[in-house]
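# Tertiary structure, described
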There are 2 protein chains.
Amino acid sequence: MTTTFPELLGAQETTATAGEILGRCRELVRPTLADTVGRLHPWVAEMAAYSFGWCDVGGTPAEGSGGKGVRQALAVLCAEAAGASGEAAVAGAVAVELVHTFSLLHDDIMDGDQTRRTRPTVWKAYGTGPAVLAGDALFALAVEALAGVDGTGAAAAVRRLSAALGDLVRGQADDLLFESRPWTGPEAVGPEEYRTMVEHKTGALLGCAAALGAALAGAPEPTVAALDRAGRHMGVAFQVVDDLLGIWGDPAVTGKPVHRDLRQRKKTFPVLAALSARGPGAPAAERLATLLRDSPDIPDDATTRRAAALIERAGGRSAALEEAERHIATVETCLESLSLAPRASAELRTLLRFLVRRDI
Amino acid sequence: MTTTFPELLGAQETTATAGEILGRCRELVRPTLADTVGRLHPWVAEMAAYSFGWCDVGGTPAEGSGGKGVRQALAVLCAEAAGASGEAAVAGAVAVELVHTFSLLHDDIMDGDQTRRTRPTVWKAYGTGPAVLAGDALFALAVEALAGVDGTGAAAAVRRLSAALGDLVRGQADDLLFESRPWTGPEAVGPEEYRTMVEHKTGALLGCAAALGAALAGAPEPTVAALDRAGRHMGVAFQVVDDLLGIWGDPAVTGKPVHRDLRQRKKTFPVLAALSARGPGAPAAERLATLLRDSPDIPDDATTRRAAALIERAGGRSAALEEAERHIATVETCLESLSLAPRASAELRTLLRFLVRRDI
């Protein structure tokens, strides 16, 4: 890649699309990520490569079907935003991608999910025991990758990662427990509690990715903390948008069945906000509660359609939209409070838009 | 606890029994361990407390049935051996106990084991998903506990722990794969390969415990490395003795059924050594191979009795005894090469004897 007019690069590249940004970060991180995964036991390395979409069961190389790499991109962009080269963030980017993949592997076991990104999940393809082991291996590798960085920042970086891991587990525990809690009454899950769960389960690792990128780039602590906060709110916004799509998303766009989350009786933000409605939304909330309590385990299309309408009438849809907007605004405030390198700052905003401005 | 004649304490306490030593170390570590576990999500904390034997399912406090705490004792004794107070090792002791418990939790899932220390395993009592989660939580907590230690040693300590974790996973992967490999032929598991697996699966964490204790006490690197080696060999010796007991142990002493490992068709050191016998042991080795190949999945008493006799005749029993003795001798050599505090050094030897001089 040659650049004839480097001074134009900044302006030119702020117009990069989210796909280009994610692709560039993936390419930067991939060699180290692949080397790191290659240090694993060969059997475990195959399961890891399978979950990254690098190979099929049996080890035959494959292309695509891996994740987008939002976490690694966040680490790289935050290092660049702090004025360093993206290279500075690579160890952190590798660590967060490994942790993310570990958590998908284990969550799929816990949730009994049989497919991910159109392929069988690791436990489905290799067995539960091996999938537990592969997750453990990725977890250990993430810590090792980060503990091995040069300089005095290693311990602080590991502390950040392990705090995020703690949050991740806490969020997953709450999420699992939410399933068996009632829709209404004193034991019901409130929207506040749901927000905390999401901040732990999704926000913490995005915050950690951003903070690690900045910290490894040598950014001062207030900058690191602000980017951590930005990442966390990005995570919550992303999840709430995902919740909206899980009910009102166009199957042609999301690639997922209509009313998917209602069909699975998931306790998501729009439902919980609707159920807690007071004032004009209260009658719809009450009818929704009755419907959810009385509907069968796998509700039919008419029931989920009615539930979606009641959620909207009780204000769940608009509450979720407002919630997402509030978190997006907080991300913007965090970013504006810092003096960041312009190109990276613009690309962070592109990434944010990509995460939250999907077709709701 | 008052001591009237502290100058007599050294001589007096070298006669402490293994039970007393383990108890003292458990008491020293317990408050911090309990505090650390208490930081977990309450549901996860209950599963953790259950696996430590501190409570029953539901959270009712219980006494006993937890582990002996060999790893924490090793950390504490190595700090003392390096001339520091056992207090110095507590963060390391907590980390290795958490990692050990995490590995038991996940191994029990992988191996399908339904009971441990006379109680249902965590996955059996709480479900597979929750047990995966609890293991993850303990893992994250171990890293957090260690990354949080004061001073410059935190990063090195975490590097040590993550290297041991990597070995642990590697050993578990090999152990799982051994099950489906044949008894004989080019794909058979050799005694060498088995030794490497055990060094990873059992030795690495004992070595890490010893090394962490010494490192946190400020011992110089050669001392840390030698104690790491001592711990590793202790682990291998322990496992080989366990293998001997799994075949020839007296059920009245071990509390486990006679010929337990043969009944479960486990590929342990005495069997693998017997199968690889050359010279005078070869005919018995060949008959053993035929017996193992042709015996049913759950062999009857007569078959396991015959297998045990053939293993002994092929030299598997004596090879295992020699193997254990060699590792014990290496531990002694490591300890002798260092100038350690006399009382702790004597207690380390008591611990070693406790681990390997069981009634074979």
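Attention here is on the structure that accompanies the text. (Residues numbered from 1 in each chain as written. Chains lettered and ligands numbered in written order. Predicted model: local features only at pLDDT ≥ 70, side-chain atom pairs only at ≥ 80, totals over all residues. Heavy atoms only, no water.)

## Quick word on the relation of the copies chain A and chain B
Between chain A and chain B, the superposition needs a rotation of 180° and an axial shift of 0.0 Å, giving an RMSD of 0.0 Å. Between the two chains, the operation in question is that of a two-fold axis. Relative to the rotation axis, the C-alpha of Ala155 of chain A is the closest in chain A, positioned 2.2 Å from it. The fraction of interface residues of chain A whose copies in chain B are also interface residues reaches 100%, indicating that both copies meet through the same surface. (Least-squares fit on C-alpha atoms with pLDDT ≥ 70 in both. Contact = heavy atoms within 4.5 Å.)

## Focus: the side chain of Asp261 of chain B
Note that Asp261 of chain B resides in helix H12 (residues 260-263). What makes Asp261 of chain B buried here is its relative accessible area of 3%. (Helix = DSSP H or I, 4+ residues; strand = E, 2+ residues; numbered from the N terminus. Buried < 20%, exposed > 50% of the residue type's maximum accessible area, 1.4 Å probe, protein only.)

## Quick word on unusual backbone geometry
A negative phi holds for most residues other than glycine; trans holds for most peptide bonds. All names here are of chain A. A positive phi angle, near 50°, is found at Arg117, a position not held by glycine. Looking at the element boundaries, Arg117 is found in the loop between strand E1 (115-116) and strand E2 (119-120). Given the relative accessible area of 30%, Arg117 is considered partly exposed. Positioned with a positive phi, Thr118 is a non-glycine residue whose angle comes to about 65°. Along the chain, the position of Thr118 falls in the loop between E1 and E2.

## Notes on the packing of aromatic side chains
Tallied over the full model, the rule gives nine aromatic pairs over all chains. Arranged with centres 6.2 Å apart and planes meeting at 50°, the rings of Tyr194 of chain A and Phe269 of chain A form a pair that is tilted. Here Tyr194 of chain A, found in helix H9 (residues 191-216), pairs with Phe269 of chain A, found in helix H13 (residues 269-275); they are 75 residues apart in sequence, far enough to count as distant. For the residue pair Tyr194 of chain A and Phe269 of chain A, the accessibility class agrees, reading buried in each case. Among the aromatic side chains, those forming a connected cluster through ring pairs are Phe102 and Phe139 of chain A together with Phe102 and Phe139 of chain B. The ring of Tyr50 of chain A carries Arg119 of chain A above its face, with NZ or CZ at 3.9 Å from the centroid. Here Lys267 of chain A stacks its cationic end above the ring of Trp183 of chain A, 4.7 Å away from the centre of that ring. (Phe/Tyr/Trp six-rings, centres within 6.5 Å; stacked < 30°, edge-to-face > 60°. Lys NZ or Arg CZ within 6 Å of the ring centre and 35° of its normal.)

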